[in-house]
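One-letter residues, chain by chain:
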Amino acid sequence: MQYDVTVIGSGPGGYVAAIRCAQLGLKTAIIEKYSTLGGTCLNVGCIPSKALLDSSEHFANALHTFKEHGIEINVPTVNLGQMIKRKGEVVKASVDGINYLMRKNKIDVYQGMGSFIDKNTLKITPESGEEKTIQTGKVIIATGSKPSTLPSVPVDKKRIITSTEALNMTEVPKNLILIGGGVIGLELGSVYARLGAKVSVIEYTDTIIPTMDRALGKELQKVLTKIGFTFYFNHKVTGAVNSGNEVTVKAEDPSGNVIDFKGDYCILAVGRKPYTDKLDLDKVGVKVDERGKIVVNDHLETAIPGIYAIGDVIKGAMLAHKAEEEGTYVAETIAGQKPHINYKLIPGVVYTWPEVAGVGSTEEELKAEGKAYKVGSFPFKASGRARASMDLDGFVKVLADKNTDEILGVHMIGPRAADMIAEAVVAMEFRASAEDISRMSHAHPTYTEAMKEACLAATENRALHI
Ligand code: FAD
Ligand code: NAD
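Residues numbered from 1 in each chain as written. Chains lettered and ligands numbered in written order. Predicted model: local features only at pLDDT ≥ 70, side-chain atom pairs only at ≥ 80, totals over all residues. Heavy atoms only, no water.

1. Concerning the overall build of the chain
In terms of helices and strands, the chain carries 14 helices and 22 strands. For 466 residues, the compact-globule estimate of 2.2 N^0.38 gives 23 Å, and the C-alpha radius of gyration of the chain, at 24 Å, lies within 12% of that figure. For the chain, the C-alpha atoms occupy an extent of roughly 65 × 60 × 50 Å along the three principal directions. When each of the 466 residues of the chain is scored for burial, the buried share is 53%. Counted over contacts in the chain with a minimum sequence separation of 6, partners at least 24 positions apart contribute 63%. When the accessible surface of the chain is split by element, carbon and sulfur atoms take 52% of a total near 21,600 Å². Averaging the positions of the 54 positive and the 56 negative side-chain charges in the chain gives two centres separated by 2 Å. (Helix = DSSP H or I, 4+ residues; strand = E, 2+ residues; numbered from the N terminus. Rg over C-alpha atoms; globule rule 2.2 N^0.38 Å. Buried < 20%, exposed > 50% of the residue type's maximum accessible area, 1.4 Å probe, protein only. Contact = heavy atoms within 4.5 Å. Areas by Shrake-Rupley, 256 points an atom, 1.4 Å probe, with all protein chains shown as cover. Lys, Arg positive; Asp, Glu negative; His and termini not counted. Charge placed at Lys NZ, Arg CZ, Asp CG, Glu CD.)

Laid out in structure tokens, this is it:
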């Protein structure tokens, strides 16, 4: 078969690239090594983790807040099997949706491992059955990432596990050890803390979610401590052993003492690494950098004309929506358009409760740049909407240029922050000033009023409700 474009990998980067190529009239194929489409995000990432986060949050509410709302129920118990089953159904509905989208857009789907024979010829090796080769004008590599490992922590997928196994537990851990206080650790740790686990986080740096505005990590730490998390910062993990029913993780504390952490499960979540195994990149001369990421130019094209790469397998944030933007970008570039991505405005979200979200510069980045800025902040405890739903933790923090009032960054922790950050993205894309947002009507009562109030606070300190 001869295609205009072939996409390797069907995660949010790959399937979006394929759809956009097809929309633009290009004859398109997609190759996926797994039996289902959707990549990490739909199968073992964003979607299943959010399904379990929602279920466990319902349980925590039934246990802790129903009574105050005036709802009397017997003490609820966890049916983990049902939670995992529902999660599976959510995943299935999502991956079936991608099959439908491929059919609708007349994209040919090949199941099997894709690899290069040359720049215009790809081999597809299915787990069973015959190998195939196809001809293609352009190639988009969207092969994603897999969990990073530590040499001292042997993942056995039984008690020393990664996020993938943590999405399919058969029992709620009693004492869960998390290596890494990043997004995966805190989200999956939240699931099991809400279901009753004591969670110990061993983190190498001096804060959780170290890449986000520092104020967010500080507030999130306070909230998570209340639900059963304990944090061990500046600790260096030196080993982990599964002795049958127990895991022992050894870590050096800041004074150099070696401490034994004991638990029934340990999740290793210290980042993810690009996945390019078996692509045979050397056959075409596509280069990877020292961290294994495919090297691309500003147009996401590799050094080989006509071969592009997107998503987790290249530089930048490892986020589904970043991969999607890049998928669209490359498809439109191939079709001769001149698209643009504003990387500064890709929001980051952590789906704990309260949720955490940020976009633009952090306060630490503005300080390092020597930029003159002002800060406006508004706490959810002063929000009528948050009082009604008993979600009083957190705040919205707006950073604006001291001279022009242009919004430079918005960082929030609070109810529905994951959805609320979209307003900040729109505002910043249109280069709004804090005063612009503060003069726009925000429906009352909504959580978004906190964004307006934080903008008012940044504009001559004139928040109304505090
Ligand atoms: P992937 O989704 O990794 O897809 C790559 C695909 O390529 C895979 O299906 C793989 O099988 C296939 N493949 C690889 N090599 C070959 C080959 N040679 N031939 C054929 N197929 C191949 N991001 C968010 O934005 N929001 C979230 O809430 C979120 N939650 C997450 C939760 C967890 C637990 C994890 C692990 C990740 C989460 N992420 C989240 C990150 C997100 O999943 C990734 O950023 C996103 O999936 C990257 O998309 P991608 O298309 O680059 O690659
Ligand atoms: P991460 O980069 O978010 O966090 C890893 C954490 O581990 C960091 O805090 C880091 O300092 C720490 N760490 C690194 N080495 C360590 C060591 N030896 N000992 C102790 N701590 C160590 O990575 P992650 O949580 O594994 O997530 C992987 C990727 O998946 C991230 O890039 C993230 O963007 C993406 N993801 C996104 C979401 C979301 O958008 N809500 C959810 C899950 C995952």
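Moving on, there is more to tell.
2. Digging into the side chain of Ser200
Among the secondary structure elements, Ser200 is positioned in strand β10 (residues 198-202). A relative accessible area of 19% means that Ser200 is categorised as buried. Residue contacts for Ser200: discarding those within four places in its chain leaves Leu176, Ile177, Leu178, Thr230 and Tyr232.

3. Quick look at the state of the cysteines
Counted by the stated rule, this structure contains one disulfide. The partner cysteine of Cys41 in its disulfide is Cys46, sulfur to sulfur 2.4 Å. Taking the torsion about the sulfur-sulfur bond, which here is approximately -130°, the covalent link between Cys41 and Cys46 counts as left-handed. Relative accessible area serves as the criterion here: at 9%, Cys41 is assigned to the buried category. Under the relative-accessibility criterion, Cys46 is labelled partly exposed at 27%. (Disulfide = S-S within 2.5 Å.)

4. Re the sheet that holds strand β12 (residues 236-242)
Pairing in this open sheet of three strands is antiparallel, and the strands run β12-β13-β14 from one edge to the other. Strands with a single pairing partner mark the edges of an open sheet, and in this sheet they are β12 and β14 (258-263). Averaged over neighbouring strand pairs, the angle between their axes works out to 20° when direction is ignored. The pairing of strand β13 (residues 247-252) with β14 spans six bridges and is antiparallel. Residue pairing across strands places Val249 opposite Phe261, the latter belonging to β14. (Pairing = 2+ DSSP bridges. Axes fitted to C-alpha atoms, helices over the stretch in contact; angles between N-to-C directions.)

5. With respect to the site of ligand 2
The local shell around ligand 2 holds 21 residues, among which Ile184, Glu187, Glu203, Gly271 and Val349 are the closest. Within the contact set of ligand 2, an oxygen atom lies 3.3 Å away from a backbone nitrogen or oxygen of Val183. Within the contact set of ligand 2, a nitrogen atom lies 3.2 Å away from a backbone nitrogen or oxygen of Tyr204. Notes on ligand 2: free accessible area 840 Å², of which the protein chains cover 78%. With three residues, the top contributor of residues to the shell around ligand 2 is helix α7 (residues 183-194). Counted by class, the shell around ligand 2 contains 13 nonpolar, five polar and three charged residues. (Near = heavy atom within 4 Å. Polar contact = N/O pair within 3.5 Å; in protein donor to acceptor, adjacent residues only side chain to side chain. Nonpolar A, V, L, I, M, F, W, Y, C, P; charged D, E, K, R; others polar.)

6. Points about the domain arrangement of the chain
When the domains of the chain are assigned, the result is domain 1 (2-146 + 273-343), domain 2 (160-270) and domain 3 (354-458). With centres defined by C-alpha atoms, the gap from domain 1 to domain 3 works out at 31 Å. (Domains from an automatic or database assignment.)

7. So, the sheet that holds strand β8 (residues 160-161)
Spatially, β8-β15-β9-β10-β11 is the arrangement adopted by the five strands of the open sheet, whose pairing is parallel. Looking along the sheet, the strands with just one partner apiece sit at the ends: β8 and β11 (229-232). Pairing geometry for strand β9 (residues 175-179) and β10, over five bridges, is parallel. By the bridge assignment, Leu176 is partnered in β10 with Val199. Sheet strands touched by α7: β9, β10, β11 and β15 (265-268). Its angle to β11, the strand with the most contacts, is close to 145°.

8. Regarding the environment of Asn242
Structurally, the position occupied by Asn242 is in strand β12. What makes Asn242 partly exposed here is its relative accessible area of 26%. Sequence-wise, Asn242 and Lys262 are 20 residues apart; in three dimensions their C-alpha atoms are separated by 10.0 Å. Contacts of Asn242, omitting those with residues within four sequence positions, involve Asp156, Lys158, Arg159, Ile160 and Val247. At 2.8 Å, the side chain of Asn242 and the side chain of Asp156 are in polar contact. A polar contact of 2.8 Å, which involves the side chain of Asn242, links it to the backbone nitrogen of Gly244.

9. A short note on the environment of Val44
Along the polypeptide, Val44 turns up in helix α2 (residues 39-44). You can call Val44 partly exposed: its relative accessible area is 30%. Put simply, Val44 and Ala458 are 414 residues apart on the chain and 40 Å apart in space, counted from C-alpha to C-alpha.

10. Some thoughts on the nonpolar core
Generally speaking, nonpolar side chains in soluble globular proteins are found buried as a group. Core analysis: the largest hydrophobic core is formed by 53 residues, its most contacted members being Phe116, Ile140, Ile141 and Ile294. With seven residues, helix α1 (residues 12-23) is the largest single contributor of residues to this core. Residues in contact with Phe116, not counting those within four places in the same chain, are Ile8, Thr121, Leu122, Val139, Ile141, Leu279, Asp280, Leu281, Lys283, Val284 and Ile307. Residues Leu195, Ala197, Phe231 and Tyr265 belong to the second largest nonpolar core, which totals 36 residues. (Core = buried A, V, L, I, M, F, W, Y, C linked by side-chain atoms within 4.5 Å.)

11. Let's talk about the pattern of salt bridges
One side chain can pair with another of opposite charge once the charged atoms of both are near each other. Tallied over the full model, the rule gives 23 salt bridges. Of the charged contacts in the structure, one is a salt bridge between Arg20 and Glu332, with a shortest N-O distance of 2.7 Å. With Arg20 in helix α1 and Glu332 in helix α9 (residues 320-334), the pair connects residues that are 312 residues apart, well separated along the chain. Each of Asp213, Glu363, Lys367 and Lys397 takes part in salt bridges that share partners, so that together they form one network. (Salt bridge = Lys/Arg side-chain N within 4 Å of Asp/Glu carboxyl O.)

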